[in-house]
Amino acid sequence: CGFDSSENSKSWFNVMYSFSYPDKNNFGGFGPFMTYLTLISLAIYFVTSSDSGSLVVDTLSSNGRSEHHWLQRVFWSFTEGGLATGLLMAGGEDALKA
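A brief report on the enclosed structure follows. (Residues numbered from 1 in each chain as written. Predicted model: local features only at pLDDT ≥ 70, side-chain atom pairs only at ≥ 80, totals over all residues. Heavy atoms only, no water.)

Details of the overall build of the protein
How we decide: In this description a helix means any DSSP run of H or I spanning at least four residues, a strand means any run of E spanning at least two, and both kinds are numbered starting from the N terminus. Type-normalised accessible area, obtained with a 1.4 Å probe on protein chains alone, sets the label of each residue: buried when under 20%, exposed when over 50%, and partly exposed for intermediate values. The contact definition used throughout considers only heavy atoms, calling two residues in contact when any of these lie within 4.5 Å.
Counting its secondary structure elements, the protein contains four helices and zero strands. Ordered by position in the sequence, the α and β elements of the protein form the string α-α-α-α. In the protein, buried positions account for 8% of the 98 residues. In the protein, the share of contacts with a sequence separation of at least 24, taken over all contacts with a separation of at least 6, comes to 11%.

Observations concerning the layout of surface pockets
Here is the rule: Whether a set of points on the 1 Å grid over the protein atoms alone is a cavity depends on a 1.4 Å probe fitting there but being unable to get out, while an open set qualifies as a pocket with protein on both sides within 12 Å along at least five of seven lines; lining residues are those with an atom within 4 Å of a point. Grid points are joined across faces, edges and corners, and a volume is the space filled by probe spheres set on the points.
Reported here for the largest pocket is a volume of approximately 180 Å³. For the lining of the largest pocket, the element with the highest residue contribution is helix α3 (residues 70–91), accounting for five residues.

Describing the pattern of salt bridges
Where charged atoms of side chains with opposite charge meet at close range, the side chains can pair. Put simply, the rule reads: Each reported salt bridge corresponds to a side-chain nitrogen of Lys or Arg within 4 Å of a carboxyl oxygen of Asp or Glu.
Scanning the entire structure with this criterion turns up one salt bridge. Here Arg-73 makes a salt bridge to Asp-51, at a shortest N to O gap of 2.8 Å. Here Arg-73 is found in helix α3, whereas its partner Asp-51 is found in helix α2 (residues 31–61), with 22 residues between them in sequence. What makes Asp-51 partly exposed here is its relative accessible area of 39%.

Structural notes on the packing of aromatic side chains
Basically, it comes down to this: Centre distance within 6.5 Å is the pairing criterion for rings of Phe, Tyr and Trp, where only the six-membered ring of Trp is used; planes under 30 degrees apart are then read as stacked, over 60 as edge-to-face, and the remainder as tilted.
A full pass over the atoms with the stated rule returns two aromatic pairs. For the ring pair Tyr-45 and Phe-46, a centre distance of 5.4 Å and an interplane angle of 65° mean the geometry is edge-to-face.

Considerations on unusual backbone geometry
Phi at Asn-63 takes a positive value of approximately 60°, unusual for a residue other than glycine. Overall, the relative accessible area of 69% leaves Asn-63 in the exposed class.

That is the geometry; function is a separate question.
Right, dumping it as structure tokens:
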């Protein structure tokens, strides 16, 4: 199990798949499971972070009132998502490495 520095963007998945080892029952090991668990955890992290950011922006835009319309928060969620998507598409791969 050596680290190939030419493909360092895949290093985390290489570590996860290192937990897979061949056995007599053709069980894939924990590598694929841990890879999927990593992807699900990252998705949950980004969704909750975006939701928290939308809550803050919604509270600021409603002058600190805690009672505001739910459509306002949905608007800010889609606005932030669209802005992030636009910035990533404009910046390309350099935007992901920044």
